[in-house]
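# Structural features, examined
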Amino acid sequence: KNEVTRHKTEAGTLFFSVYGSSYYTKAIEEYGKVITDYNESALCAVSQFQIGKCCFNLKNYSQAKIEFDKVIENYPDSKYVQQAKFYLIKIYNLN
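### Looking at the overall build of the protein
- Summing up its helical and strand segments, the protein has five helices and zero strands in all.
- Going residue by residue from the N terminus, the α and β elements of the protein occur as α-α-α-α-α.
- Looking at the protein as a whole, 43% of its 95 residues qualify as buried.
- Here the analysis covers contacts within the protein between residues at least 6 apart in sequence; of these, 46% occur between residues at least 24 apart.
- Counting only carbon and sulfur atoms, one obtains 51% of the accessible surface of the protein, whose full area is about 5,700 Å².

Have a look at this one:
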């Protein structure tokens, strides 16, 4: 189970980093599968954070805010909380 979860997270990262903006939607889908299918995995926090980054990079700031808020609410002990807050500040400053 952990191996499958890791591969799905890696798939999301591949779409996110290699293919860029044209594949953000696919990356969001892959990260979402990790959260839905393996909601107890330690990789859910990073997947949620990456969904927020994809939305941010798509300039869908309202959805990015929702996704970063989920990082803070659902994974309060995660190392991604500070990064999510950083992006929330960036979104606030864009408006």
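### Overview of the nonpolar core
- Residues Phe49, Phe56, Ala64, Phe68, Val71 and Tyr80 are the most contacted members of the largest nonpolar core, which totals 23 residues.
- Elements represented by at least two residues in this core include exactly α2 (24-37), α3 (44-57), α4 (61-74) and α5 (80-94).
- The biggest single contributor to this core is α3, with eight residues.
- Setting aside anything within four residues of it in sequence, one finds Phe68 in contact with Phe49, Gly52, Lys53, Phe56, Ala84, Tyr87, Leu88 and Ile91.

Conventions used here
Residues numbered from 1 in each chain as written. Predicted model: local features only at pLDDT ≥ 70, side-chain atom pairs only at ≥ 80, totals over all residues. Heavy atoms only, no water. Helix = DSSP H or I, 4+ residues; strand = E, 2+ residues; numbered from the N terminus. Buried < 20%, exposed > 50% of the residue type's maximum accessible area, 1.4 Å probe, protein only. Contact = heavy atoms within 4.5 Å. Areas by Shrake-Rupley, 256 points an atom, 1.4 Å probe, with all protein chains shown as cover. Core = buried A, V, L, I, M, F, W, Y, C linked by side-chain atoms within 4.5 Å.

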